[in-house]
Amino acid sequence: MENRQPLIAIVDDETSICRALLRLLRVSHYRAESFSSPIAFLESLAERVPDCVVLDLQMPMMTGVELQQHLLQLDDPPPVIIITAHDEPKTRERCLALGAVRYLRKPIEGDVLIDSIQEAVTARRDAAERSVAKNHL
Amino acid sequence: MDSDPGTSTTKTAKGSAADAVHGPNAPQLGAQRSPRSGIVSAKLTRFAAAAVFGSCMLALAAHARGEQVLLLTDTGAAPWEGLVTARVKETLLRNRGNVEVFAETLDIARSPAVEQQAAVAEFLNDKYSANPIDAAVVVGPSSLAFLAQRRATLFPESPIVYGGVGATNIPADMPGSTGVVSSFDLVKTVDLALSLQPDARRLVVITGADARDREWNTVARERLDAYRGRLELTYFAGLPKADLLAELRRLSSDTIVLLLAMRQDGAGETFDDGPALAREIAAAAAAPTYSVFKAYVGEGVVGGYVESTEAIADSMAALTLRLLSGERPADMPPVQSVSVSAVDWSALRRFNLDEALLPPDTQVLLREPAPWQQYAGQALGIVALVALSALAIVALLLYVGKRRAERALRQTEDLYRHLVDSQIDLICRYAPDTTLTFVNDAYCRYFGRARAELLGHRFIDLIPEAERPRVLERVQSLVAEIRTVSYMHQATMAEGNVRWQQWLDHPIVDAQGKVVEVQGIGRDITELKAAEAEAQQRREQVTHLTRVAILGELSGALAHELNQPMTAILSNAQTAERLLLQDSPDLVELREIVKDIVADDVRAGDVIRRLRTMLKPGGTAFQLLDISALLAEVVVLVRAQLLDQHVTLVERFAGPLPPVHGDRVQLQQVLLNLLMNACEAMRANEPSDRTLIARAAYENGFVKVSVTDSGPGIASHVSERLFEPFFTTKAEGLGLGLSICRSIVSLHSGWISARNNSERGATVEFVLPVAQPEAEQADQTDHYRAVRDAGFVDALRATSGM
C-alpha cells in the first residue's frame with residue numbers, strides 16, 4: 001500500500017489537453033488515466049475509484065459541476081481539482097461549495113497542478129489512515 | 001390606376017417610324033385633332049408628318065374658336081390611358097356642339113430630365129398661347145404632377161379635371177381643379193382571394209423597386225396588417241425579376257399572391273408593359289395571383305377588386321361637361337372612382353377555383369378578346385383619322401405649294417435642332433461599330449472636342465481600354481436583341497481626366513427590322529458615382545463596427561478557444577522540461593510532445609488569424625466560396641460560446657454545395673450573427689433543450705442556408721421589422737445585426753427572411769445565387785448595386801442624422 005503510486009483521473013473533452021496532462025502526471029510519477037467524456041469516466045468508477053480527479057468544467061453532455069455532484073454520491077468521494085478556461089466567480093463558489101479542493105484557471109502551471117494533486121492525495125491518505133487508526137482503537 | 005406600371009412606357013425600336021425621327025428622348029408633341037374640324041392649318045410640321053405615318057397622330061393648331069379642351073397624357077400608350085382619353089373625347093364630342101379636343105402626350109417617362117420637361121412646357125405654352133384652353137383634362141399621376149408644377153405659367157386660367165390618379169398624387173394646392181380619385185382596395189381584393197381560397201395560409205405581396213413601387217409596399221404593409229395571425233405575410237419587395245419568378249414557382253398552392261405595382265425590379269430593369277409583366281408573373285406563380293389593376297385581370301391574374309376604366313372616363317367627362325357649362329371647379333368636389341370585384345374565368349379554371357365561392361356581385365370575365373376585337377371601334381376610328389389626315393396633307397401640299405411647305409419644314413428643323421442642341425443631356429447617334437454619325441452641342445462641349453473631331457470616329461476610343469469589351473458587348477446586345485439598354489461607363493475627357501456617364505441607348509431599325517443606327521442619350525454621373533463610393537465606404541464602416549461588436553460579445557468564448565491549446569502547450573512544454581532533466585530522456589516521447597505543441601500552436605494561430613480577418617476593416621473582395629467550409633470556420637469561433645450556453649449544434653448539409661460568389665468575411669459575419677441570435681433566442685430554454693440546426697442545401701440555382709432555433713419564436717409585432725436598422729429586442733443590442741445581414745445578403749444578390757417554425761422556434765434563412773461564369777458576374781454587380789444601396793439608405797440616414 002505504501003509503495004503504490006496514487007491514481008489520478010483527468011476528465012476533459014479536449015483530447016490534446018488530456019494527452020498533455022497525462023504526460024505531465026506520468027513524468028511526475030503518478031499513475032494517470034484520461035477521459036474525454038464525463039460519461040466514460042462515470043462508467044469507469046465501477047471498476048476503480050481514482051485517488052484524485054482533475055476535472056474540466058465546460059464539457060458537452062455534462063458539466064464539471066454535474067459530474068462533481070455524481071461523485072459526491074460515492075461512499076468515499078475522491079478529491080476534485082477543477083480546471084477551467086472560463087473563470088466565473090459564481091461557478092467557482094459553486095465548485096468549492098461542492099467540495100472541490102482547488103479551482104485552477106487554464107493555462108495551468110505544471111508545478112501548481114502537481115502540488116495541488118500531491119496535497120489532495122496526502123490529505124486523503126492521512127484522513128484514511130486516521131479513520132483506520134480510529135477503528136483499531 | 002395610379003402607379004399602374006403601364007403608365008410608364010418606353011417604346012423600343014420595334015418598327016415605330018416616329019421614333020426613327022424623334023429618337024426616344026426628343027419630346028413627342030403629337031396632337032390629335034377632332035375629326036370634326038375640317039380646317040387644316042398651315043403649320044404642318046415635319047414632326048407631325050412623321051407622327052402621322054408612325055404613331056397615327058397629326059399635329060395641328062386650331063384656328064376656329066369654339067370651346068377648347070386639352071387632353072394631357074404621359075405616353076398615351078398604356079391601354080387604359082388610351083381607353084380613358086378616347087372615351088372622354090367621345091363623350092365630349094357627343095354632348096357639346098362646338099368643342100374641339102386636343103391631345104398632347106408629355107412623354108415624361110421617357111424624358112424625365114428637368115430641361116426636357118421645361119422644353120415641352122415651353123412648347124405647349126407657345127402652341128396654345130393663341131388658343132386659350134377652356135378645360136385641361138389630365139390623365140395619370142405624372143401628367144398631373146407636370147401640370148401642377150407649372151400651374152402659374154402653363155394654362156394658369158384653365159380649370160383642370162384629373163383622373164387615373166390616387167389620392168396621394170393630388171397636389172395639396174391645386175387651385176381650379178377637380179377630378180376622379182382612384183382608390184385601390186387591397187383589403188377587399190384579399191377578401192375576394194380568401195373567399196376563393198378559404199384554406200389559404202400565406203399571403204405574398206409583390207412590389208417593385210422604384211420610388212412609387214416602394215410607396216405601394218408601404219401602403220400594403222399598413223393595410224394588410226389586419227390579416228396577420230390569419231395569414232403568414234411575405235413581402236417580395238424589389239426583388240430582381242428572375243429571383244421573383246423563381247420564388248413564385250416554389251410557392252405552395254395554399255398561397256395568395258397579390259401583385260401590386262412593379263415598374264422596376266431590383267436588378268434595375270424597368271417594365272414598360274405592366275400587363276405583359278403581370279402575365280409573366282401570373283404564369284410563373286404556382287398559386288393564384290390577384291391584383292388591384294383591372295388591366296391585369298385577363299392576363300392570367302385571377303382577379304381583384306378593380307376600378308372600372310370606363311367609369312373613370314365617364315366621371316371625368318361628366319366633370320368636364322359641367323365645367324364647360326360654366327360651373328366652377330371650386331363647387332365641384334373630387335369624386336371617388338368606383339370599384340368592382342372581377343375575376344377571369346380561365347384563371348379560375350387553371351387553379352380549380354370554385355366559381356360558386358365568389359361574392360354575389362362579382363363580374364366573371366370570359367377570356368378577354370384579342371386587342372383587335374376589343375379596340376375595334378377605336379382602331380377603325382384611328383384608321384379613318386389617318387386616312388382623313390393623309391388626304392388633308394395631300395390637299396394641303398397641293399394648296400400651299402412647295403415654298404410654304406419648305407419653309408414649314410425648315411422651321412420644324414430649326415425647332416428640332418434647337419430642342420436637341422439646347423439639351424444639357426449628351427445626345428449622339430452611332431453606327432453599330434460605334435462610329436459617331438451625330439452629336440449635339442452638349443456632347444461636343446462635354447468631351448471638349450470639335451464636332452469634326454467626333455463625327456466619323458468611333459466613340460469606343462474615348463473609353464478607357466479596360467472598359468471597352470464590356471461596352472462593346474452592350475452595344476452588340478442592343479443591336480442583336482433590338483432593345484433599349486441603360487448602362488454606364490467612363491470616358492476620357494480632352495484634358496485626360498476620366499468621368500462617368502450614364503447612357504440610355506436605343507437602336508433605330510430600318511424597314512427590314514435591321515438596326516441601322518443607335519441613338520444614345522447620356523449624362524454625367526461622376527458626382528453620383530463619387531457619392532456612391534462614399535456611401536459604400538460608410539456602409540463598410542457600419543458593417544465593420546457591427547462585426548467588431550459581435551466579436552466583442554464573443555470575447556469570453558474566444559478567450560476559452562485560445563486557452564485550450566495554450567493549456568495543452570504549456571503542460572507539454574513543462575513535461576518536456578522534466579523529461580530533459582532525466583538521465584536518459586525518452587526521445588520518442590519528446591518527439592510526440594513537440595509534435596503536439598506544434599499542432600496546438602497552429603490551432604491557436606488559426607483562431608487568431610480568423611479573428612484578425614474579421615476585425616480588420618476592409619473593402620469587399622468577391623471570390624468563389626464554399627458555404628459549408630465557411631460555416632465550419634464560423635463554427636470554430638462560436639463553439640466555445642455554444643458550449644458555454646449548453647447549445648447543441650446540429651449541422652445538416654445536403655451533399656457538396658456549388659460555390660457562390662461572395663465576400664468571405666461578410667458572409668461569415670452573416671453566419672456568425674445568425675448563430676449568435678439563435679443562441680440568444682434559446683436563453684430561456686432548459687439547458688438540455690437548446691438545439692440549433694444549421695442547414696445548407698442547393699436548390700434551383702441557389703444555395704440556401706438556414707439557422708433554426710428552438711426558442712420562443714418571433715413575436716408577431718416584431719416579425720415585420722426584424723431586418724430594419726436599429727430595431728432590436730435586446731436590452732443591450734444596437735439593432736444593426738440583422739439589417740447589416742440583409743444588406744450583405746442583398747449585396748450578394750440574395751435575400752434573407754425569417755419565419756416561425758410550425759412547432760416552435762424560428763428559422764432565419766438566406767439564399768445566395770450559385771456563382772455564374774465571369775462575364776455575367778460583372779453585369780450583376782452593376783445591377784445589384786442599386787438594390788444594395790437602397791437597403792443601406794435607412795442605416796446611413798440614421799447614422800448621419802440625415
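Heads up: the structure comes first, above all this text.
Residues numbered from 1 in each chain as written. Chains lettered and ligands numbered in written order. Predicted model: local features only at pLDDT ≥ 70, side-chain atom pairs only at ≥ 80, totals over all residues. Heavy atoms only, no water.

Peer 1: Looking at this structure, I do not really get the overall build of chain A. What am I missing?
Peer 2: Looking only at helices and strands, chain A has five helices and five strands in total. Tracing chain A from N to C terminus, the helices and strands come up as β-α-β-α-β-α-β-α-β-α. Sorting the 137 residues of chain A into buried and exposed places 50% on the buried side. Accessible surface for chain A amounts to roughly 7200 Å². Of this, 50% is attributable to carbon and sulfur atoms. (Helix = DSSP H or I, 4+ residues; strand = E, 2+ residues; numbered from the N terminus. Buried < 20%, exposed > 50% of the residue type's maximum accessible area, 1.4 Å probe, protein only. Areas by Shrake-Rupley, 256 points an atom, 1.4 Å probe, with all protein chains shown as cover.)

Peer 1: I would appreciate a short explanation of the environment of B:M614 in the present structure.
Peer 2: Residue and element names in this part refer to chain B. Here M614 shows up in helix α19 (residues 587–615). Taking the C-alpha atoms as reference points, M614 and R664, separated by 50 residues in sequence, lie 9.4 Å from one another. Sequence-distant contacts of M614, that is, excluding residues within four places in its chain, are made with H544, R547, L551, L637, V665, Q668, Q669 and L672. (Contact = heavy atoms within 4.5 Å.)

Peer 1: Where do I start with empty space enclosed by the protein in this structure?
Peer 2: A water-sized probe, rolled over the atoms, reveals where empty space remains. All names here are of chain B. Evaluation of the coordinates by the stated rule reveals six cavities of 30 Å³ or more. Of the voids in this model, the second largest cavity is the one considered here, and its volume is about 90 Å³. Together, 13 residues line the second largest cavity, and Y443, F459, I463, H489 and W503 are the ones closest to its centre. Going through the elements one at a time, β15 (426–430), α14 (441–447), β17 (485–492) and β18 (498–509) are the ones with two or more residues in the lining of the second largest cavity. For the lining of the second largest cavity, the class distribution of residues is 10 nonpolar, two polar and one charged. (1 Å grid on protein atoms, 1.4 Å probe; cavity = no way out; pocket = protein on both sides within 12 Å on 5 of 7 lines; lining within 4 Å. Points joined across faces, edges and corners; volume = space filled by probe spheres on them. Nonpolar A, V, L, I, M, F, W, Y, C, P; charged D, E, K, R; others polar.)

Peer 1: Which parts of the structure should I look at to understand the pattern of salt bridges?
Peer 2: Inspection of the entire model under this criterion finds 38 salt bridges over all chains. Of the charged contacts in the structure, one is a salt bridge between B:D596 and A:R19, with a shortest N-O distance of 2.7 Å. Taken together, the residues B:D596 in helix α19 and A:R19 in helix α1 (residues 15–27) connect one chain to another. Look at A:R19 and you get partly exposed, because its relative accessible area is 38%. Residues joined in a network through salt bridges with shared partners are B:E247, B:R250, B:E699, B:K704, B:R755 and B:E765. (Salt bridge = Lys/Arg side-chain N within 4 Å of Asp/Glu carboxyl O.)

Peer 1: When you look at the interface of chain B and chain A in this model, what are you seeing that I'm missing?
Peer 2: When the parts of a complex come together, some accessible area is lost, and that lost area is often used as the size of the interface. Contacts between chain B and chain A engage 25 residues on the former and 25 residues on the latter. Between chain B and chain A lies a buried interface of about 2200 Å² when both sides are counted; carbon and sulfur atoms form 51% of it. A salt bridge links A:R23 to B:D596, with the shortest nitrogen-to-oxygen separation between them at 3.1 Å. When contributions to the side of chain B that touches chain A are tallied by element, the ones reaching two or more residues are α18 (555–581), α19 and α20 (627–644) of chain B. For the side of chain B that touches chain A, the leading source of residues is α18(B), giving 14 residues. Split by residue class, the side of chain B that touches chain A holds six nonpolar, 11 polar and eight charged. (Buried area = accessible area lost by both parts, 1.4 Å probe.)

Peer 1: Looking at this model, I keep getting lost on the sheet that holds β15(B). Mind explaining?
Peer 2: Sheet strands line up and pair through hydrogen bonds in the backbone, either parallel or antiparallel. Residue and element names in this part refer to chain B. Spatial strand order, β16-β15-β19-β18-β17: five strands in an open sheet with antiparallel pairing. Only two strands of the sheet have a single neighbouring strand rather than two, namely β16 (436–439) and β17. Averaged over neighbouring strand pairs, the angle between their axes works out to 30° when direction is ignored. Bridge analysis of β18 against strand β19 (residues 515–524) gives nine bridges, and the strand direction is antiparallel. Bridge assignment links H506 to a residue of β19, and that residue is Q519. Helix α16 (residues 468–481) rests against β15, β17, β18 and β19 of the sheet, and its axis sits at about 150° to β17. Contacts from helix α17 (residues 526–553) reach β17, β18 and β19, with the element oriented near 120° to β18. (Pairing = 2+ DSSP bridges. Axes fitted to C-alpha atoms, helices over the stretch in contact; angles between N-to-C directions.)

Peer 1: Looking at this structure, how should I read the packing of helix α3 (residues 64–72) of chain A against helix α4 (residues 89–97) of chain A?
Peer 2: Angle between the axes and distance between the axes are the two parameters that describe a pair of packed helices. Residues and elements named next belong to chain A. Look at α3 against α4: their axes get within 10 Å of each other, and the N-to-C directions meet at 10°. When the axis of α3 is compared with that of α4, the two are roughly parallel. Contact residues: α3 offers V65, Q68 and Q69, while α4 offers T91, R94 and C95. Of the residues contributing to the contact of α3 with α4, the split by class is two nonpolar, three polar and one charged. (Parallel < 35°, antiparallel > 145°, perpendicular 65-115°, else oblique.)

Peer 1: Mind showing me how you'd approach a nonpolar patch on the surface here?
Peer 2: There is a patch of nonpolar side chains on the surface, built from B:V594, B:V598 and B:V602 and spanning about 250 Å² of accessible area. Among the secondary structure elements, B:V602 is positioned in helix α19. (Patch = residues over 30% accessible without salt bridge, like charges linked within 9 Å, V, L, I, M, F, W, Y side chains within 5 Å.)

Peer 1: Can you walk me through the packing of aromatic side chains in this structure?
Peer 2: The way to describe two aromatic rings as a pair is by their centre distance and the angle between their planes. All names here are of chain B. A complete count under the given rule lists 12 aromatic pairs over all chains for this structure. Relative to Y128, the ring of F102 lies with its centre 5.6 Å away and its plane at 75°, an arrangement referred to as edge-to-face. In this pair, F102 is assigned in strand β3 (residues 99–105) and Y128 in helix α4 (residues 114–129), connecting sequence segments 26 residues apart. Here F102 and Y128 have matching classes, each one buried. Between Y443 and F447 the ring centres are 4.6 Å apart and the planes differ by 40°, which places this aromatic pair in the tilted class. (Phe/Tyr/Trp six-rings, centres within 6.5 Å; stacked < 30°, edge-to-face > 60°.)

Peer 1: What should I look at first to understand helix α10 (residues 309–324) of chain B in this one?
Peer 2: Each α-helix winds once per 3.6 residues, and so residues spaced three or four apart point in a common direction. Residues and elements named next belong to chain B. Here α10 is 16 residues long and its end C-alpha atoms lie 23 Å apart, about the 22 Å a rise of 1.5 Å per residue gives. Along α10, the residues that are buried comprise T309, I312, A313, M316, A317, L319, T320, L321, L323 and L324. Downstream of α10 by a residue or two, G326 has a phi angle that is positive, lying close to 105°. (Expected span 1.5 Å × (residues − 1).)

Peer 1: Quick question: what am I supposed to make of unusual backbone geometry here?
Peer 2: Excluding glycine, residues mostly have negative phi values, and the peptide bonds linking residues are mostly trans. Cis geometry marks the peptide bond from A:K106 to A:P107, where omega comes out at -10°. Take A:P107: it is sitting in the loop between β5 (102–105) and α5 (110–136). In the Ramachandran plot, A:H29 falls in the positive-phi region, its phi being about 70° despite a non-glycine side chain. Structurally, the position occupied by A:H29 is in the loop between α1 and β2 (31–35). The class of A:H29 is exposed, set by a relative accessible area of 56%. Phi is positive for B:N700, which is not a glycine, with a value near 45°. Among the structural elements, B:N700 can be located in the loop between β23 (691–699) and β24 (702–708). Residue classification places B:N700 among the exposed residues on the basis of a relative accessible area of 54%.

Peer 1: Would you explain the sheet that holds β2(A) in this entry?
Peer 2: Residue and element names in this part refer to chain A. Strand order in the open sheet formed by five strands is β2-β1-β3-β4-β5, and the pairing between neighbours is parallel. The open sheet terminates on both sides in strands that have one partner only, identified here as β2 and β5. Strand-to-strand twist in this sheet, taken as the mean axis angle between neighbours without regard to direction, amounts to 20°. Relative to strand β3 (residues 52–56), strand β1 (residues 7–11) runs parallel, the two sharing four bridges. When the sheet's bridge partners are listed, I10 is paired in β3 with V54.

Peer 1: Which parts of the structure should I look at to understand α1(A)?
Peer 2: In this model α1(A) runs 18 Å from its N-terminal to its C-terminal C-alpha over 13 residues, within 8% of the 18 Å that 1.5 Å per residue would give. Counting buried positions along α1(A) yields 10 of 13 residues, so the element is predominantly enclosed. The inward-facing, buried residues of α1(A) contact β1, β2, β4 (80–84) and α5 of chain A together with α18 and α19 of chain B. Just beyond α1(A), the residue with positive phi is A:H29, at close to 70°.

Peer 1: Mind showing me how you'd approach the pairing of β17(B) here?
Peer 2: Within a regular beta strand, the side chains point alternately toward one face of the sheet and then the other, so they alternate between its two faces. Residues and elements named next belong to chain B. Examined bridge by bridge, β17 and β18 share eight bridges and lie antiparallel to one another. Paired with T492 across the two strands is V498, which belongs to β18. Where β17 folds back onto β18 in an antiparallel hairpin, the turn is made up of five residues, including G496, whose phi is positive at roughly 100°.

Peer 1: I keep staring at the nonpolar core and nothing clicks. Help me out?
Peer 2: Within soluble globular proteins, side chains that are nonpolar generally end up buried alongside one another. Residue and element names in this part refer to chain B. Counting 56 residues, the largest nonpolar core has L186, L203, I206, L224, L248, L258 and I281 as the members making the most contacts within it. For this core, the secondary-structure elements that each account for two or more residues are α6 (186–196), β7 (202–207), α7 (211–223), β8 (232–237), α8 (241–249), β9 (255–259), α9 (274–284) and α11 (345–350). For this core, the element with the highest residue contribution is α6, accounting for six residues. Aside from chain neighbours lying at most four places away, what touches L248 is I206, F236, V257, I281, A284, A285 and A286. Counting residues in each nonpolar core, the second largest holds 52 residues, with V542, L611, L667 and V707 among its members. (Core = buried A, V, L, I, M, F, W, Y, C linked by side-chain atoms within 4.5 Å.)

Peer 1: Is there a simple way to explain the packing of α17(B) against α19(B) in this structure?
Peer 2: Residue and element names in this part refer to chain B. Between α17 and α19, the shortest axis-to-axis distance is 9 Å and the interhelical angle comes to 145°. Contacts between α17 and α19 pair H544, R547, V548 and L551 from the former with L611, M614 and L615 from the latter. For the contact of α17 with α19, the residue count by class is five nonpolar, one polar and one charged.

By themselves, these are just geometric observations and shouldn't be taken as functional.
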